[in-house]
Amino acid sequence: MKPALPKIDPAKRTVVPPEPEFSPQEALKLVRVFVIALVVPLVFEIATCFTPSRTNLAAACVRSGMQWVLTHVLHEGNRDVYLAREGWLFPHAEIDRLVHAKRESNETQARLTALASRLKAQETSLLVVLIPGRAALYPEQIRDGRYTGPVRLKEENAQVAELKAAGIEVMDMTDALWEFRDRQQVFFAQDSHWTPEAMKAVALAVNKQVREKFPRLVSTETPIINATILEQADSGDLSRRLDPLNTARLLGDEGADLISIQGIEPSAKSPIVLHGSELLRVFDDPQLSFGGGAESPKAGFATQLGMLLGRPVEVRGLPRAGEGYEDKKLVIWLLPMTELVP
């Protein structure tokens, strides 16, 4: 029996192909592709429940690859972090602070004045230690130029003068750290925190101020301590804001030599209270930069200051409304300038 001839289209005089039909094997392949297309994103979403960042791994991988291209090919950061010269990173918010003429309302100065008034009623002094931002001390990394001093806002001097007029002891470390940067690095290039060397320089300055103004609160005896040098490495919190998935691959790690001090533990019985946020905790909290993720290294500002004063201090976070200071003689607040003048 002869095979049936294909139909001829009279208009075109060509062979009309038969209608396509799926074989069972082809239909099975199509179903498999469809199932995989549904399951793969679902697997990534389920995986987010078991990852610390709770981010979609597929999206994170794409963002990580794109950020590598932006950083190394186009020399760009992202909407949160500005990629400056020599691998330095700056939060866009800090750069915006220096160029925007209009300031947001800020209650920090009012809180300081109110706290000083409360403390004065019980004969307790308040010492505010102001730490400049990284953009104020390293403007040449952002924009070429010859800078003879730190980049400051005109409102800063006025705010400091008002605090002093309210009876608050103020140590503005901006100029001192500008001079210190010629000898040692003040901030890490990829991390928002200060270096151990800058932290120690500020601790020395505060120790000198306390010994001159409040000699009864310090000890003349050298405390017995056990010091250990810890070599830590970290990619930096600013670098993690660029690429949380492959941070070390993006710009590498920075190193820091921490001096872990045992024997000067914080004490609630101390007459000195030390307030602060991350600058205070950066080398003490294992969850922060250079903490190593292990046991507290005990190498932060409070430990350094306690060693210099010869006595421990009581460490607290930011002051809260109605916080008590019974039997306290001195309250020290380690405050970034960007929080006083946003």
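Keep in mind that this is a model prediction, so the values were computed, not measured.

**Quick word on the overall build of the chain**
Phase 1 of the analysis: Across its full length, the chain carries 13 helices and 11 strands.
Phase 2 of the analysis: Counting over 342 residues, the chain shows a buried share of 42%.
Phase 3 of the analysis: Taking all contacts inside the chain whose residues are at least 6 apart in sequence as the whole, residues at least 24 apart take part in 74%.
Phase 4 of the analysis: Accessible surface for the chain amounts to roughly 19,900 Å². Of this, 56% is attributable to carbon and sulfur atoms.

**Structural notes on unusual backbone geometry**
Phase 1 of the analysis: Of note, the phi angle at histidine 75 is positive, near 55°, even though the residue is not glycine.
Phase 2 of the analysis: Turning to its location among the elements, histidine 75 is positioned in the loop between helix H2 (57-72) and strand S3 (81-83).
Phase 3 of the analysis: Despite not being glycine, phenylalanine 290 shows a phi value in the positive range, around 65°.
Phase 4 of the analysis: With respect to the helices and strands, phenylalanine 290 occurs in the loop between helix H11 (278-281) and helix H12 (301-309).
Phase 5 of the analysis: Given a relative accessible area of 0%, phenylalanine 290 falls into the buried group.

**Some points on empty space enclosed by the protein**
Phase 1 of the analysis: In the structure shown here, the tally under the stated rule is 1 cavity of 30 Å³ or more.
Phase 2 of the analysis: The volume enclosed by the largest cavity comes to roughly 40 Å³.
Phase 3 of the analysis: Together, Arg97, Pro132, Gly133, Ala136, Val151, Arg152, Glu156, Thr174, Met337 and Thr338 line the largest cavity.
Phase 4 of the analysis: Looking at side-chain class alone, the lining of the largest cavity contains 4 nonpolar, 3 polar and 3 charged residues.

**A word on the pattern of salt bridges**
Phase 1 of the analysis: Across all of its chains, the model carries 11 salt bridges by this definition.
Phase 2 of the analysis: Among the salt bridges present, the one from arginine 85 reaches aspartate 144, with a minimum N-O distance of 2.7 Å. With arginine 85 in the loop between S3 and strand S4 (89-91) and aspartate 144 in the loop between helix H5 (134-137) and helix H6 (154-165), this residue pair connects regions lying 59 residues apart in the sequence.
Phase 3 of the analysis: We classify arginine 85 as partly exposed; its relative accessible area is 39%.
Phase 4 of the analysis: Salt-bridge contacts for arginine 281 lead to aspartate 285; the nearest nitrogen and oxygen are separated by 2.8 Å.
Phase 5 of the analysis: Overlapping salt bridges, with partners in common, bring together Arg97, Arg152, Glu156, Asp172 and Asp175 in one network.

**A look at the side chain of glutamate 156**
Phase 1 of the analysis: As for its position among the elements, glutamate 156 is in helix H6.
Phase 2 of the analysis: Of the residues examined, glutamate 156 reaches a relative accessible area of 3% and is grouped as buried.
Phase 3 of the analysis: Once residues lying within four places of it in the same chain are set aside, the contact partners of glutamate 156 are Arg97, Met337 and Val341.

**Overview of the sheet that holds strand S6 (residues 169-172)**
Phase 1 of the analysis: Pairing in this open sheet of 5 strands is parallel, and the strands run S6-S5-S11-S9-S10 from one edge to the other. Among the strands making up the open sheet, the edge pair consists of S6 and strand S10 (314-315).
Phase 2 of the analysis: For strand S9 (residues 272-275) and strand S11 (residues 330-336), the ladder comprises 4 bridges, and the chain directions are parallel. Opposite leucine 274, over in S11, you have isoleucine 332 as the bridge partner.

**Structural notes on helix H3 (residues 92-99)**
Phase 1 of the analysis: Among the residues of H3, Glu94, Ile95 and Arg97 are the ones counted as buried. Taken around the axis of H3, the buried residues stretch over an arc of 150°, which confines them to a single face. Structural note: H3 exposes Ala93 and Val99 on the side pointing more than 90 degrees away from its buried face.
Phase 2 of the analysis: Turning to H3, the residues buried within the fold contact S3, S4, H5, H6 and helix H13 (337-340).

**Describing the packing of aromatic side chains**
Phase 1 of the analysis: For the structure shown, the criterion picks out 5 aromatic pairs.
Phase 2 of the analysis: Ring plane angle 20° and centroid distance 6.0 Å describe the contact between tryptophan 88 and phenylalanine 90, whose orientation is recorded as stacked. Taken as a pair, tryptophan 88 and phenylalanine 90 share a single burial class, namely buried.
Phase 3 of the analysis: Centre to centre, the rings of phenylalanine 188 and phenylalanine 290 are 4.3 Å apart; their planes meet at 25°, and the pair counts as stacked. Pair noted here: phenylalanine 188 is in the loop between helix H7 (174-180) and helix H8 (196-213) and phenylalanine 290 is in the loop between H11 and H12, with a separation of 102 residues, a long-range link.

**Concerning the packing of H8 against H12**
Phase 1 of the analysis: For the pair H8 and H12, the least separation of the axes is 9 Å and the interaxial angle reads 40°. Considering the angle they form, H8 stands oblique to H12. By crossing handedness, the relation of H8 to H12 is classed as right-handed. In this structure, H8 contributes Met199, Lys200, Val202, Ala203, Leu204, Val206, Asn207, Val210 and Arg211 to the contact, and H12 contributes Phe301, Gln304, Leu305, Leu308 and Leu309.
Phase 2 of the analysis: Among the residues forming the contact of H8 with H12, the class breakdown is 10 nonpolar, 2 polar and 2 charged.

**Here's the deal with the environment of leucine 137**
Phase 1 of the analysis: Turning to its location among the elements, leucine 137 is positioned in helix H5.
Phase 2 of the analysis: With 15 residues separating them along the chain, leucine 137 and arginine 152 place their C-alpha atoms 9.2 Å apart.
Phase 3 of the analysis: Sequence-distant contacts of leucine 137, that is, excluding residues within four places in its chain, are made with Pro132, Pro150, Thr174, Leu177, Trp178, Arg181, Val186 and Phe187.

Definitions and limits used
- Residues numbered from 1 in each chain as written.
- Predicted model: local features only at pLDDT ≥ 70, side-chain atom pairs only at ≥ 80, totals over all residues.
- Heavy atoms only, no water.
- Helix = DSSP H or I, 4+ residues; strand = E, 2+ residues; numbered from the N terminus.
- Buried < 20%, exposed > 50% of the residue type's maximum accessible area, 1.4 Å probe, protein only.
- Contact = heavy atoms within 4.5 Å.
- Areas by Shrake-Rupley, 256 points an atom, 1.4 Å probe, with all protein chains shown as cover.
- 1 Å grid on protein atoms, 1.4 Å probe; cavity = no way out; pocket = protein on both sides within 12 Å on 5 of 7 lines; lining within 4 Å.
- Points joined across faces, edges and corners; volume = space filled by probe spheres on them.
- Nonpolar A, V, L, I, M, F, W, Y, C, P; charged D, E, K, R; others polar.
- Salt bridge = Lys/Arg side-chain N within 4 Å of Asp/Glu carboxyl O.
- Pairing = 2+ DSSP bridges.
- Arc of directions from axis to C-beta.
- Phe/Tyr/Trp six-rings, centres within 6.5 Å; stacked < 30°, edge-to-face > 60°.
- Axes fitted to C-alpha atoms, helices over the stretch in contact; angles between N-to-C directions.
- Parallel < 35°, antiparallel > 145°, perpendicular 65-115°, else oblique.
- Left-handed = near helix turned anticlockwise from the far one by under 90°.

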